[in-house]
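Structural overview for review
So the chains spell out like this:
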Amino acid sequence: MASIVTRNPGVLAPRHPPIVLRLILGLLLILLDVPIHPTTTSKLFCQGQGIGKEATPSLATSTSTSSSSTLPPPVKNILYIIVDDLTADLALFGGKVNQVPMPNLEGRLAPRAVNFLRSYAQQSICGPSRNSFLSGRHPDETQTYTFRRSFRDAFPDAVSLPQAFKNAGFLTCGFGKTYHDEGIKSPPDYDNPYSWSPECPYYAPPEEKCGPDHHGWCTPDMPEGNFTDGLVTEAAIERLRAHVNFFKQQQQQHQHQHQQQQPFFFAVGIRKPHLDWAVPRAYVDAQVVQEHIEIPSNALRVSPPGMPPVSYFNCTMESPWQQAMSEIALSPHEPLEDELEQELRRAYYAAISWMDANVGKLLDALVELGLEESTSIVFHSDHGFHLSEEGMWCKQNTREIGTRVPLLISTPSLSTSSKKPAALAAPTEQVAAGEMHSNAIVQLVDIYPTLLELAGLALPDLSLRGTSLVPLLRYAQVAGNSTAAAAAAAAAADGFVAAFSQYPRCLSTPLAPSGLAHEGFLWNRQCAMLGNEKIDVMGYSIRVEGWRYTEWYQWEGRRSRPRWSAEGQVAVELYEMDKGRQEGKEEDVTPNVVEDGRFQDVRARLSRILYEHFSSLQREQKEGKEVGIEGASVTVE
């Protein structure tokens, strides 16, 4: 009979600043003997400036996070590239897929960037994820789990990431899909007038669609510049040229040769590789022929043993899949036909190559305008994406593939190496793509404090949960010539040991996969278009070295919180991770081992850390008041 380990609901954990909380998590993992395996971390950038209280330029008296007395100058400009639905399973980001032409990411940006191989989204769907990392808050803080809400509903006076730069005197411009804008804009009007400079009107043209009977992909006969991402990229480049030329004209007119150009924060949202895969024909032709597209084994294309039905999402029943290819049905138990799988993968790869081309155009503009050495570039996806793995062609879940994201950060001002960073001007084969990488476990909420520290700005709100990645880069460089164990210890010491994600589920028997309702596959209604009160279950997941652990709980809609109790618990998952990475081979099928007696200690420890993190978010979002949690979370042993 299952025994229940309860947590005292009357005991409140103290509120901690973000860095302190991350340190406590690290200590918990060590003291509770959760395995932390050695990781290999290449030599990275180092140093950085401290973070204070307000989004203003840091003063000499600011508290520094660097151990060095000599700090590099803050970066002048930020180019922030956000892409949609990009899988991290590409070889460039530590994955298995190596058939996609990406000359600009692989040959130009990655060689001069830090490649974070284990970066995670806080919710694996566009709107809530973007609300999270652009506000620096977790979904349980913003209470934004669907497209019906935004962080402004919970925090009307919050300072968004671009707004922090705007308040500090930067020109902030947004293009394309930065905040979510499909169907329901979240927040409304791309967060105007808060996030963006009034002299830089937001630009987001409508997205092209392929229509039914195309299997989600098409090649419209029109110039590249007429495609949505082509229009967005060109608009960003033209606005950047205008900004630079205006400064040059001012210098000539007033003969102020030493006048400083207004720094800029440009956020460019590239929609591809999100469905529909409407791309110029050349990028489809650039892929290997369909019959040579590699696909995973059948065992990897169905749900792993022991995965509970609530963890599976049948994306064929809802948009955008339903509009694009309603004739194709997925199953947790049966993989798609190989030929169809190859067709879909080839179309998705073409969309990646088209996205890469637009990244290349942005890099060209930096070089053309002489901004290469004064601009930090951040590139990441809003969440991951399944390419049939575990029976899914989507992202809406708490799985490793759905939550892990590509993340590249190129920061010239932090490079202290005697070797000059690779030039952006053209692809190079002399520098191995992604040679500077980190295996630390980081989160997209860490982007906010990282960019502010790189720019020498201070945090507008010390309650933000993210942690600047600049100290991690410093530790990685110090440990660059040391052992892998020393590098792992340095990363853990700074709190980069856990990532937290969550995802809601909404019940719908009619949308269950064909014939599988009796097996419990009932959680396929797309919550994204509903209000929080319509959520039935919430999944909470933690990723640490070697493990992913998830608990699913009934959701109390009117209170917007889970039912932390034995009766409220719906399912539990525990997966052993990283074995393939450590052994240098492809990951095998990973079963749910939550009932395996050998791992009950791990389960109990991770359950405790998961509860402490998420329950603290739910306490703090109630107007800053600490309130008790009814019931007690459980661990079944």
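Refer to the preceding data block for the structure.
Summary of the structure given here. Predicted model only: the values in this text are computed from it and were never measured.

Once that is clear, we can look at the pattern of salt bridges. Under the counting rule described, the total for this entry stands at 35 salt bridges. When the shortest N-O distance is used, the salt bridge between R281 and D285 registers 3.1 Å. Here D285 and R281 lie together in helix α8 (residues 281–285), a separation of four residues that amounts to about one turn. Owing to a relative accessible area of 42%, R281 belongs among the partly exposed residues under this scheme. Residue classification places D285 among the partly exposed residues on the basis of a relative accessible area of 47%. The partner of D578 in a salt bridge is R543, with the nearest N and O atoms 2.7 Å apart. Of this pair, D578 sits in the loop between β15 (569–576) and α15 (579–583) while R543 sits in strand β12 (residues 537–544); the two residues are 35 residues apart in sequence, bridging distant segments of the chain.

All right, on to the environment of K96 then. Among the structural elements, K96 can be located in the loop between β1 (77–83) and α2 (103–109). The sequence separation of K96 and E294 amounts to 198 residues, and the corresponding C-alpha distance is 10.0 Å.

Moving on to the packing of helix α7 (residues 228–254) against helix α10 (residues 338–368). The N-to-C vectors of α7 and α10 enclose an angle of 10 degrees; their axes lie 10 Å apart at closest approach. Put simply, α7 runs roughly parallel to α10. On the side of α7, the interface is formed by D229, G230, T233, A236, I237, L240 and R241, while α10 contributes W354, N358, K361, L362, A365, L366 and E368. Class assignment for the residues of the contact of α7 with α10 results in seven nonpolar, three polar and four charged.

Counting across every chain of the model gives three disulfides. Between the sulfur atoms of C173 and its disulfide partner C200 the distance amounts to 2.0 Å. Because the sign of the S-S torsion sets the handedness, a value of about 125 degrees for the bond joining C173 and C200 places this disulfide among the right-handed ones. Separated by 27 residues along the polypeptide, C173 in strand β3 (residues 171–176) and C200 in the loop between β3 and β4 (217–218) bring together distant segments of the chain.

Right, let's talk about empty space enclosed by the protein for a bit. Counted under the stated rule, the structure contains seven cavities of 30 Å³ or more. Here the lining of the second largest cavity is composed, by residue class, of eight nonpolar, four polar and three charged.

Turning next to the nonpolar core. With 75 residues, the main nonpolar core has I81, L86, L105, W277, M355, F379 and W393 as its most contacted residues. Within the second largest apolar cluster, 43 residues are counted, among which are A267, V378, L451 and L472.

What follows deals with helix α12 (residues 447–454). α12 sits mainly inside the fold: eight of its eight residues count as buried. Among the residues of α12, I447, Y448, P449, T450, L451, L452, E453 and L454 are the ones counted as buried.

Our focus in this paragraph is unusual backbone geometry. Residue S186 is joined to P187 through a cis peptide bond whose omega torsion reads 5 degrees. Omega for the bond connecting K272 with P273 falls within 30 degrees of zero, at 20 degrees, which places this linkage in the cis form. Residue placement: P273 occurs in the loop between β5 (264–270) and β6 (277–278). Phi at E390 takes a positive value of approximately 60 degrees, unusual for a residue other than glycine. One can find E390 in the loop between β7 (375–381) and α11 (400–403).

What counts and how
Residues numbered from 1 in each chain as written. Predicted model: local features only at pLDDT ≥ 70, side-chain atom pairs only at ≥ 80, totals over all residues. Heavy atoms only, no water. Salt bridge = Lys/Arg side-chain N within 4 Å of Asp/Glu carboxyl O. Helix = DSSP H or I, 4+ residues; strand = E, 2+ residues; numbered from the N terminus. Buried < 20%, exposed > 50% of the residue type's maximum accessible area, 1.4 Å probe, protein only. Axes fitted to C-alpha atoms, helices over the stretch in contact; angles between N-to-C directions. Parallel < 35°, antiparallel > 145°, perpendicular 65-115°, else oblique. Contact = heavy atoms within 4.5 Å. Nonpolar A, V, L, I, M, F, W, Y, C, P; charged D, E, K, R; others polar. Disulfide = S-S within 2.5 Å. 1 Å grid on protein atoms, 1.4 Å probe; cavity = no way out; pocket = protein on both sides within 12 Å on 5 of 7 lines; lining within 4 Å. Points joined across faces, edges and corners; volume = space filled by probe spheres on them. Core = buried A, V, L, I, M, F, W, Y, C linked by side-chain atoms within 4.5 Å.

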